[in-house]
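# Structural description and commentary
Below, each chain spelled out in residue letters.
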Amino acid sequence: MAEVMVRKAEVKALEGDKAVAEAMRQINPDVVAAYPVTPQTEIVMEFSQFVAEGLVDTEFIPVESEFAAMSSCVGASCAGARAMSATCGPGLELMWENLWVASGLRCPIVMAVVNRSHAAPLNILTDQTDMMGSRDTGWIEIYAENHQEVYDNFIQAVRIAEHPDVLLPIMCGHAGFVLGHTLGRVEVLPDEVVRNFVGEYKPLYSLLDIDQPKTFGAYDHWDYFFEHRRQVFEAINNALRVIPEIGQEYGKISGRYYGLVEPYRLDDADVVIMIIGSGAGACREAVDEMREKGTKAGMLKVRCFRPFPAEEVVKALKDKKAVAVMDRCACFGAEGSPLFIETCAAFFNRGLRMKLINYFYGLGGRDTIPSEFCDIFYELSQIAETGEIKPPFVRYLAVRE
Amino acid sequence: MRLKSWKELETGVVILEPGNSVLYRTGTWRTFRPIIDMEKCTHCMFCWLYCPDGSILVKDSKVIGIDYEHCKGCGICARECPKKAVTMVEEVKARMEEAK
């Protein structure tokens, strides 16, 4: 059965942004509210074309700002609609207040975020500062490494967000330009397969239920605010179970199975690089190169950053001799980068002590090439050998001194 | 009113039954308590008309008292009463008076 469906998939050369638009067309959501912003514009451009051509039934709202985009999505979601958006970098920042409203009201909105840096200096290129900056807003956050994952993640996101034990909004990140504007091989599933997979959205409550009117988003005092927050803590942690479940179910229709983290040549590895997103591509090459030279190198790709898959990370890394944690975001004044801090906490809470180093890399669209990852593997090998980490603990990859 | 635990609360910030604000005792907010002198009251219904919280109790077209569970003590009734039949008494003093 699965085999048949996989063979029916059509192979297309798609830009990452267009892969999102294509997935969106197949899902055929009730409402899409979005504002164009480089490098996300192609998603909105392509999808609005689908609307104009009558290929979808979607109510497309060309809003005046990202704040309005998220407001519209929240309103639509409360009304019982399947609502979607797309944005990046500064657009995500402008949505900030409403990101919390979306998670607090338990709106399963699906949003593509084409990762872009924050100004200043003005820069439209990729890093993950945007989504990392919104990591504590109650949104689920998953990242794609390549074009296929951009497409696959967006379809799975619908089911993850709308799962009754979760009911939270979700961001699907992919690298601006690097994935968003380049062509990649994407196996596109048949429309009806995608539509069957996502199913019809059945909202828990609807503002449009005139027979049983309800109040949405009432004010909470100190007496109830914390309890409502506690529900969100619980719901997002439920996603740790739901994401791999949906990933397995998706595997049955696509042949591609997804989890919270993805190991690469990790089983017998001594030295490991931990990374999120498109940088994993170059890192894979470095792993292969190091393996050829006799170093037991491996990679742990983190697909889901929120909720943080602490158990999976610890299980994957606890026997490793040295690990470099890579983060492609600016996060000033912290003890380390977000992924590093989470990883340290995960080990500490389980009474484990690890040899971990931390790198900030690739900010503002700077490429990171395999040889740079190889240098990190050499460094890790030395740490593994001597058991000694020389400060500084937080490092900046390939920055001119 | 017993407060619900997070597990008992509806998912999301949703109120399922309309008109349930009566369950919320805003009377605890009050600093000044309006007290009606029934000898002066002419039952003109000005207080009932102006009260922003519907806290003036009326029966058979007569004012019979104030719903202190919900009256926030804003004092609008005292100000609007044409017969000056409503006096605002400090809540603490009114309670001490009651306790006697």
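Refer to the structure presented above.
In short, a report on the structure. (Residues numbered from 1 in each chain as written. Chains lettered and ligands numbered in written order. Predicted model: local features only at pLDDT ≥ 70, side-chain atom pairs only at ≥ 80, totals over all residues. Heavy atoms only, no water.)

### What about the environment of Val37 of chain A?
All names here are of chain A. Selection rule: Runs of E in the DSSP output that reach at least two residues are strands. Runs of H or I that reach at least four are helices, and both are numbered from the N terminus. For each residue, the accessible area found with a 1.4 Å probe, counting protein chains only, is set against the maximum for its type, and the residue is called buried under 20%, exposed over 50%, and partly exposed in between. Note on contacts: a residue pair qualifies if any of its non-hydrogen atoms lie within 4.5 Å across the two residues.
As for its position among the elements, Val37 is in the loop between β2 (31–34) and α3 (41–52). On the basis of relative accessibility, which here comes to 11%, the residue Val37 falls in the buried class. Val37 sits 241 residues away from Ser278 along the chain, and the two C-alpha atoms are 20 Å apart. In contact with Val37, not counting residues within four places along its chain, are Glu66, Thr87, Cys88, Pro90 and Arg116.

### Overview of the pairing of strand β7 (residues 170–175) of chain A
All names here are of chain A. Defined as follows: We call two strands paired when DSSP finds no fewer than two bridges between them. A clockwise path from the first strand over the helix to the second, with the strands pointing away from the viewer, defines a right-handed crossover.
With six of its six residues buried, β7 lies for the most part within the structure. Residues Ile170, Cys172 and His174 line one face of β7 and the alternating positions Met171, Gly173 and Ala175 line the opposite face, and both faces are buried. Sheet analysis places strand β6 (residues 140–143) next to β7, joined by four bridges and oriented parallel. Counterpart to Tyr143 in the pairing with β7 is Gly173. Handedness of the crossover is the feature at issue here: the chain leaves β6, passes through helix α8 (residues 147–162), returns alongside β7, and the resulting connection is right-handed.

### Topic: the pairing of strand β3 (residues 56–59) of chain B
Sheet topology places β3 of chain B next to strand β4 (residues 62–66) of chain B; four bridges connect them, and they run antiparallel. Each residue of the ladder has a partner; that of Lys59 of chain B, found in β4 of chain B, is Lys62 of chain B.

### As for the interface of chain B and chain A
As a reminder of what qualifies: Summed over both partners, the accessible area lost on bringing two parts together, with a 1.4 Å probe, is the buried area. In the analysis that follows, any N or O atom pair within 3.5 Å is treated as a polar contact, provided that within protein one partner can donate a hydrogen and the other can accept it, and provided that, for residues neighboring in sequence, both atoms belong to side chains. Under the convention adopted here, Pro, Cys and the residues Ala, Val, Leu, Ile, Met, Phe, Trp and Tyr are nonpolar, Asp, Glu, Lys and Arg are charged, and Gly plus all remaining residues are polar.
Of the residues lining the interface, 16 residues belong to chain B; the matching set on chain A comes to 20 residues. Taking both sides of the interface into account, the surface hidden between chain B and chain A amounts to around 1,800 Å²; carbon and sulfur atoms contribute 64%. Counting the surface chain B buries against chain A, the share from its top three residues, Trp6, Thr11 and Val13 of chain B, is 40%. Here chain B is connected to chain A by seven residue pairs in polar contact (both at pLDDT 80 or more). When its residues are assigned to classes, the side of chain B that touches chain A shows ten nonpolar, three polar and three charged. The pairing of strand β9 (residues 215–216) of chain A with strand β1 (residues 14–15) of chain B spans two bridges and is antiparallel. Paired with Thr215 of chain A across the two strands is Ile15 of chain B, which belongs to β1 of chain B.

### Notes on the sheet that holds strand β11 (residues 271–275) of chain A
Residue and element names in this part refer to chain A. For the record, the criterion: Axis lines are fitted through C-alpha atoms, for helices just across the contact stretch, and the angle between N-to-C directions can take any value from 0 to 180 degrees.
Read from one edge of the open sheet, six strands run β10-β12-β11-β14-β15-β16, paired in mixed fashion. Two strands bound the open sheet, and with one partner strand each, they are β10 (261–264) and β16 (394–396). Averaged over all pairs of adjacent strands, the angle between their axes in this sheet comes to 25 degrees, without regard to strand direction. Inspection of the sheet shows strand β15 (residues 356–360) paired to β16 by three bridges, in the parallel sense. The residue of β16 that forms the bridge with Asn358 is Val394. Most of the contacts of helix α11 (residues 279–292) go to strand β12 (residues 297–302), to which it runs at about 165 degrees, and overall it touches β10, β11 and β12. The strands that helix α13 (residues 338–349) touches are β11, β12, β14 (322–327) and β15; relative to β14, the one it contacts most, it runs at about 140 degrees.

### Topic: the sheet that holds strand β3 (residues 59–62) of chain A
All names here are of chain A. Reading across the sheet, the seven strands line up as β3-β2-β4-β5-β7-β6-β13 and stay open at both edges, with mixed pairing between neighbours. The open sheet has two edge strands, β3 and β13 (304–306), and neither has a second partner. Between one strand and the next, the sheet's axes are offset by a mean angle of 20 degrees, whatever the strand orientation. Where β6 meets β13, two bridges bridge the pair, whose relative direction is antiparallel. Bridging across to β13, Glu141 finds its partner in Arg306.

### Looking at the packing of helix α12 (residues 310–317) of chain A against α13 of chain A
Residue and element names in this part refer to chain A. Heads up, the condition is: Angular relationships are summarised with four words: roughly parallel below 35 degrees, roughly antiparallel beyond 145, roughly perpendicular across 65 to 115, and oblique for the angles in between.
Packing of α12 against α13 brings their axes to within 9 Å, and their N-to-C directions diverge by 80 degrees. The angle between α12 and α13 places the two elements in the roughly perpendicular class. Residue-level inspection shows Ala310, Val313, Val314 and Leu317 of α12 in contact with α13, the latter providing Thr343, Ala346 and Phe347. Its residues assigned to classes, the contact of α12 with α13 shows six nonpolar, one polar and no charged.

### Quick notes on the packing of aromatic side chains
To keep things clear, this is the line we draw: Stacked, tilted and edge-to-face are the three classes assigned to paired rings of Phe, Tyr and Trp, where Trp is represented by its six-membered ring and a pair needs centres within 6.5 Å; plane angles under 30 degrees give stacked, over 60 edge-to-face, the rest tilted. A positively charged side chain is recorded as over a ring if its NZ (Lys) or CZ (Arg) lies within 6 Å of the ring centre. The angle to the ring normal must also be within 35 degrees.
In this structure the tally under the stated criterion is eight aromatic pairs over all chains. Centre to centre, the rings of Phe47 of chain A and Phe50 of chain A are 6.4 Å apart; their planes meet at 90 degrees, and the pair counts as edge-to-face. Of this pair, Phe47 of chain A and Phe50 of chain A both sit in helix α3, three residues apart, roughly one helical turn. Comparing Phe47 of chain A with Phe50 of chain A, the two get one shared label, buried. Ring centres of Phe46 of chain B and Tyr50 of chain B lie 6.1 Å apart, and the angle between their planes is 55 degrees; on these two criteria the pair is classed as tilted. Of the two residues, Phe46 of chain B and Tyr50 of chain B both sit in helix α1 (residues 46–50), four residues apart, roughly one turn of that helix. Its end group placed over the ring of Phe50 of chain A, Arg25 of chain A keeps NZ or CZ at 5.9 Å from the ring centre. The lysine or arginine in question, Arg284 of chain A, covers the ring of Tyr264 of chain A, its NZ or CZ lying 4.9 Å from the ring centre.

### Thoughts on the nonpolar core
All names here are of chain A. Going by this rule: Among the buried residues, those of types Ala, Val, Leu, Ile, Met, Phe, Trp, Tyr and Cys that are joined through side-chain atoms within 4.5 Å form a nonpolar core.
One finds Ile140, Tyr151, Phe154 and Ile155 to be the most contacted residues of the largest nonpolar core, which totals 59 residues. The element contributing the most residues to this core is helix α10 (residues 225–254), with nine residues. Sequence-distant contacts of Ile140, defined by excluding residues within four places in its chain, comprise Ile160, Val166, Leu168, Pro169, Ile170, Met171, Ile236, Ala239, Ile243, Arg306 and Pro307. Grouped together as the second largest cluster of nonpolar side chains are 57 residues, Val74, Leu99, Phe308 and Val394 included.

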